[in-house]
Amino acid sequence: PTTAFDVHISLGILLEDSGARESAIMHFRKALTLVPNDTSLLFREALTVPAVLSHDNASFERSALDFRINSLLADAPHLSKLQRLDQLSCPGTFYVVYLGGRTDARLM
């Protein structure tokens, strides 16, 4: 049977895939309140994919991602519990958001 935990994970993945990262993180955190310290979900939350609006934003998000991953890796108990991440969708890249403009007609 589907649990509230599963529903929050599914909603989080759907929202992230739709580009709604902050809403996705909210659902991942709600799932963590139901099953605290779920190692796979802790990694899943850390690996959420941001929308990148500029080179500066990409650099910031890359640094933030490094920080989140290093924080989890420094927590040895989580590593010992980690068996696999394949139960959860884990996008491997940043979204690149094109804002457009009148001078970009050739690019379009």
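For the structure given in this document, a descriptive report is provided here.

Rules used throughout
For every chain, the first residue of the written sequence is number 1, and numbering continues from 1 onward in sequence order. Residue-level local features of this predicted model are given only where pLDDT is at least 70; pairs of side-chain atoms are given and counted only at 80 or more, and the full residue set underlies all totals for whole chains, interfaces and linings. To get the side-chain values, all heavy atoms of the structure are used, and hydrogens and water are removed first. In this text, helices come from DSSP runs of H or I with a minimum length of four residues, and strands from runs of E with a minimum of two, each type numbered from the N-terminal end. Burial classification: accessible surface area is computed with a 1.4 Å probe over protein chains only, and a residue below 20% of its type maximum counts as buried, one above 50% as exposed, and the rest as partly exposed. Contact between two residues is taken to exist if any of their heavy atoms lie within 4.5 Å; hydrogens are not considered. Computed by Shrake-Rupley with a 1.4 Å probe, the accessible areas treat only the displayed protein chains as cover when residues are assessed. Side-chain atoms within 4.5 Å are what join buried Ala, Val, Leu, Ile, Met, Phe, Trp, Tyr and Cys residues into a set we call a nonpolar core. Surface patches are drawn from residues lacking salt bridges whose relative accessible area is over 30%; two like charges belong together within 9 Å, two nonpolar side chains (Val, Leu, Ile, Met, Phe, Trp, Tyr) within 5 Å. The salt bridge criterion pairs a side-chain nitrogen of Lys or Arg with a carboxyl oxygen of Asp or Glu, the two atoms within 4 Å.

### Some points on the overall build of the protein chain
Looking only at helices and strands, the protein chain features five helices and two strands. Ordered by position from N to C terminus, the α and β elements of the protein chain give α-α-α-β-α-α-β. Out of the 108 residues belonging to the protein chain, those deemed buried represent 28%. Across the protein chain, every contact between residues at least 6 apart in sequence was considered, and the portion connecting residues at least 24 apart equals 62%. For the protein chain, the computed accessible surface area is about 7,200 Å², with 58% contributed by carbon and sulfur atoms.

### Focus: the nonpolar core
Soluble, globular proteins show a tendency: their nonpolar side chains are buried together. Core analysis: the largest hydrophobic core is formed by 12 residues, namely Phe5, Ile9, Ile13, Ala24, Phe28, Ala31, Leu32, Leu41, Leu42, Phe43, Ala46 and Leu72. Of all the secondary structure elements, the ones that give two or more residues to this core are helix H1 (4-17), helix H2 (21-34) and helix H3 (39-46).

### Re a nonpolar patch on the surface
Together, Val7, Leu11 and Leu14 make up an exposed nonpolar region whose accessible area comes to about 240 Å². By relative accessible area, which is 53% here, leucine 14 ends up exposed.

### Regarding the pattern of salt bridges
Using the criterion set out here, one finds four salt bridges in the structure. Here glutamate 61 and arginine 21 are joined by a salt bridge, their closest N and O atoms 3.4 Å apart. Taken together, the residues span a long stretch of sequence, with glutamate 61 in helix H4 (residues 55-73) and arginine 21 in helix H2 at a distance of 40 residues. Linking glutamate 45 and arginine 29 is a salt bridge whose minimum nitrogen-to-oxygen distance equals 2.5 Å. With glutamate 45 in helix H3 and arginine 29 in helix H2, the pair connects residues that are 16 residues apart, well separated along the chain.

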